There are 2 protein chains.
Amino acid sequence: MATRTDAPTRREQILKEAARLFAERGFHGVGVDEIGAAVGISGPGLYRHFAGKDAMLAELLVGISGSLLTGAKQRLKEAEGAAAPGTVLDSLIEGHIDFAIDDRPLITLHDRELDRLRDTDRKLVRQLQRQYVELWVSVVREVYPALAEPVARSAVHSVFGLLNSTPHLTRPGSLPGRTATAALLHRMARGAFAAAAEAE
Amino acid sequence: MATRTDAPTRREQILKEAARLFAERGFHGVGVDEIGAAVGISGPGLYRHFAGKDAMLAELLVGISGSLLTGAKQRLKEAEGAAAPGTVLDSLIEGHIDFAIDDRPLITLHDRELDRLRDTDRKLVRQLQRQYVELWVSVVREVYPALAEPVARSAVHSVFGLLNSTPHLTRPGSLPGRTATAALLHRMARGAFAAAAEAE
DNA sequence: AGGAGAGGTTAGCGGTCGTTAACCTGAAGG
DNA sequence: CCTTCAGGTTAACGACCGCTAACCTCTCCT
C-alpha cells in the first residue's frame, strides 16, 4: 500500500466531509452550502470539483465498494493456495473490520444511501457489492462445506450487519479501545459463522 | 395479545405507508403528497391526522422502541426466576427476530432516521433504546458472567446489527423461508455471544 | 509583460416541499 | 330539518435547495 504523506487534495477534503455529513444527516438532509462550509469554501465553489451533489455520493459509494472488493481480492491472492481456508476467512474478516472501524461514515453510507444514486451508478455499485459478497460466500463454504449456498449467503449478509455495527459502538476513542473492539468483532464473526454451520 | 380483526384506522394506514416510504427513500426523500397518495388521499389531507411530517416519524420511532422494550420486559417477566438464563436469552432473541423479519421497514427506520427527530422526541427514543439494550446486557451477563459490562454492551449492539440485517436478506418470500431464516439468525446470534465470551 | 486557466466569489433563477387557508360534503344527533 | 363536525378538497405562500451565470483574482508559463 502506497502510504500517503502529502496533504490531501481539495477534492479529497470535500469527499471526506461530504461522507461525514451524509452519514450524519442523510443525503437529502445536507445542503451543498454546508458541504462547502465544511471545507472552508462556500456553496457553489464545489462545482469546480464535482458535477453536482449526486456525483459526490456516486464517487463515495463506488469508491467504497471498489476498495472493499479490491482489498478482498488482494488478500485472497496473498493466501494463494498455501494457507488454510480458515486463515483466508480470518484475513477477510480482518480487512472488513479495519474498514468498518476506520471509515465509519463510509460504512454507514454504504448500506443507507445506495438508492439515491442514478440508475447507472447504482447498478455499478450493486455489481461490486455482489462480487464482494460472492467472494466471501465461496471462502466461507470452503471453511464450512456443510453450508448450502443460499444459507451461506444469508450468513455473510448477517455477519456484515454485525461488523458494520461499529457506528453504534461507543464513540471513537472510548473505553474498549480499537484493538480490543477489533478482536471482539472478529471473535463474534467467527462464532456466528461456526454457529450457522452447526446442525443446518 | 389482543389480536386485531377489525380494519385498520386511517391513522394506522398512514403510519404503515409512511414507514415503508421512509425506509425506502429516507425521511427527507419522501414528500407528504406521496404519503397521502399511498393511502388514497392527497397531500394536506394528512394534517387532519398528524401535526406534521415530523410527528409521523416521531410516532413511528417511539412506537418501535416502545414495543421492543415492552415485549422484552414481558418475556423477562414470563421467565420470572424459574427458567434458566439461557432460555431467557433465547426468548429475547426470538422476540427481536420476529420483529426484524415482520417489520423490516420499522427496523430500518429505527437505526437510520433517529437524528431527524426533534430534540425531545429523540431523547425519549434514545432512552427507550438504552433501556432495551441494558435489559439485554444484564441477561447476557447472566448467561456469560465472564463478560465485562462494556464488552457485553458492545456484543449486544453487534448482535443487533446481525439480527437487523434482515432487510438485506433475500426479498420476502424467497428461498430460505421465514422459519429457516429465523432459525439461522438465532443460531448465529447465540454463536456470536458465545464467541464474545471466549478468552476475553 | 501578458494571457490563460484554476479556483474562488455573490446574485439569482426555477423547482420543490411542508404547511396553512378557505372551502366543501356526507353522516350523525337533537 | 338543521347543525355540527370529521375528514376531505384545491390554491397558494414562504422557505429552501441545487445549480448556473457572471465576475474576480491569483499563479504560472512563455
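Let me sum up the structure you'll find in this document. (Residues numbered from 1 in each chain as written. Chains lettered and ligands numbered in written order. Predicted model: local features only at pLDDT ≥ 70, side-chain atom pairs only at ≥ 80, totals over all residues. Heavy atoms only, no water.)

**So, the packing of helix 7 (residues 149-163) of chain A against helix 8 (residues 178-197) of chain B**
Going by this rule: Axes, fitted as lines to C-alpha atoms, cover a helix only where it is in contact. Angles between the N-to-C directions of the axes lie from 0 to 180 degrees. Starting at the N terminus, helices and strands are each numbered in turn, a helix being any DSSP run of H or I of at least four residues and a strand any DSSP run of E of at least two. Angle categories: roughly parallel below 35 degrees, roughly antiparallel above 145, roughly perpendicular from 65 to 115, and oblique for all the rest. Throughout, a crossing is termed right-handed when the near helix is turned clockwise from the far one, and left-handed when it is turned anticlockwise from it by less than a right angle. Whether two residues touch is decided by their heavy atoms; if any such pair falls within 4.5 Å, the residues are in contact. Side-chain classes are defined by residue name, with Ala, Val, Leu, Ile, Met, Phe, Trp, Tyr, Cys and Pro counting as nonpolar, Asp, Glu, Lys and Arg as charged, and the others, Gly among them, as polar.
The geometry of helix 7 of chain A relative to helix 8 of chain B is characterised by a closest axis approach of 11 Å and an angle of 45 degrees between their N-to-C directions. Taken together, the axes of helix 7 of chain A and helix 8 of chain B lie oblique to each other. Here the hand of the crossing between helix 7 of chain A and helix 8 of chain B comes out right-handed. Between helix 7 of chain A and helix 8 of chain B, the residues in contact are A:Val151, A:Ser154, A:Ala155, A:Ser158, A:Val159 and A:Leu162 and B:Leu184, B:Leu185, B:Met188 and B:Ala192, respectively. Taken together, the residues of the contact of helix 7 of chain A with helix 8 of chain B break down into eight nonpolar, two polar and no charged.

**Some words on the relation of the copies chain B and chain A**
Keep this limit in mind: A residue counts toward the fit only if its pLDDT is at least 70 in both copies, and the copies are then superposed by least squares on the C-alpha atoms of those residues.
Of the transformation superimposing chain B on chain A, the axial component is 0.0 Å and the angular component is 180 degrees, with the fit at an RMSD of 0.1 Å. Expressed as a symmetry operation, the mapping of one chain copy onto the other fits a two-fold axis.

**What to know about the protein's contact with DNA strand C**
Condition: The near set for a molecule or strand comprises every residue that places at least one heavy atom within 4 Å of it. Any pair of nitrogen or oxygen atoms within 3.5 Å is treated as a polar contact; in protein, a donor-acceptor pairing is required on top of that, and neighbouring residues in sequence qualify only through side-chain atoms on both sides.
Surveying the vicinity of DNA strand C reveals 15 residues, the closest of which are A:Arg10, A:Arg48, A:His49, B:Tyr47 and B:Lys53. For DNA strand C, the fraction of protein-proximal atoms (within 4 Å) that sit in sugar or phosphate groups is 52%. Here a phosphate oxygen of DNA strand C sits 2.8 Å away from a polar atom, N or O, in the side chain of A:His49. The separation between a phosphate oxygen of DNA strand C and a polar side-chain atom of B:Lys53 is 2.4 Å. Of the residues contributing to the surface near DNA strand C, the split by class is six nonpolar, five polar and four charged.

**A few points about the protein's contact with DNA strand D**
Close to DNA strand D lie 15 residues; A:Tyr47, A:Lys53, B:Arg10, B:Arg48 and B:His49 are nearest. At a separation of 2.6 Å, a phosphate oxygen of DNA strand D approaches a polar side-chain atom of A:Lys53. A distance of 2.8 Å separates a phosphate oxygen of DNA strand D from a polar side-chain atom of B:His49. Across the surface near DNA strand D, the residue classes break down as six nonpolar, five polar and four charged.

**Let's talk about the side chain of A:Thr108**
Residues and elements named next belong to chain A. Where we set the bar: Three exposure classes are used, based on accessible area relative to the maximum for each residue type with a 1.4 Å probe and protein chains only: buried under 20%, partly exposed in between, and exposed over 50%.
With respect to the helices, strands and loops of the structure, threonine 108 is situated in helix 5 (residues 104-110). Looking at threonine 108, the relative accessible area reads 10%, which means it is buried. Setting aside residues no more than four positions away along its own chain, threonine 108 makes contact with Ala23 and Pro167.

**Focus on the interface of chain B and chain A**
Often, the extent of an interface is quoted as the loss of accessible area on bringing the components together. Condition: When two parts are brought into contact, each loses some accessible area as probed by a 1.4 Å sphere; the total of that loss over both is the buried area. Think of a salt bridge as a Lys or Arg side-chain nitrogen and an Asp or Glu carboxyl oxygen that are within 4 Å of each other.
Facing 32 residues of chain B, the contacting portion of chain A comprises 32 residues. Counting the surface lost from both chain B and chain A, the interface buries some 2,700 Å², and carbon and sulfur atoms represent 63% of this. It is B:Arg112, B:Arg187 and B:Met188 that lose the most area in chain B upon contact with chain A, and together they represent 21% of the buried surface on that side. Of the charged contacts, one joins A:Arg112 and B:Asp111 as a salt bridge, the two residues approaching to 3.8 Å between their closest N and O atoms. The interface formed by chain B and chain A contains 11 residue pairs in polar contact (both at pLDDT 80 or more). Looking at the side of chain B that touches chain A, the elements that each hand over two or more residues are helix 1 (10-25), helix 7 (149-163) and helix 8 of chain B. The element contributing the most residues to the side of chain B that touches chain A is helix 8 of chain B, with nine residues. Of the residues in the side of chain B that touches chain A, the class split is 13 nonpolar, 10 polar and nine charged.

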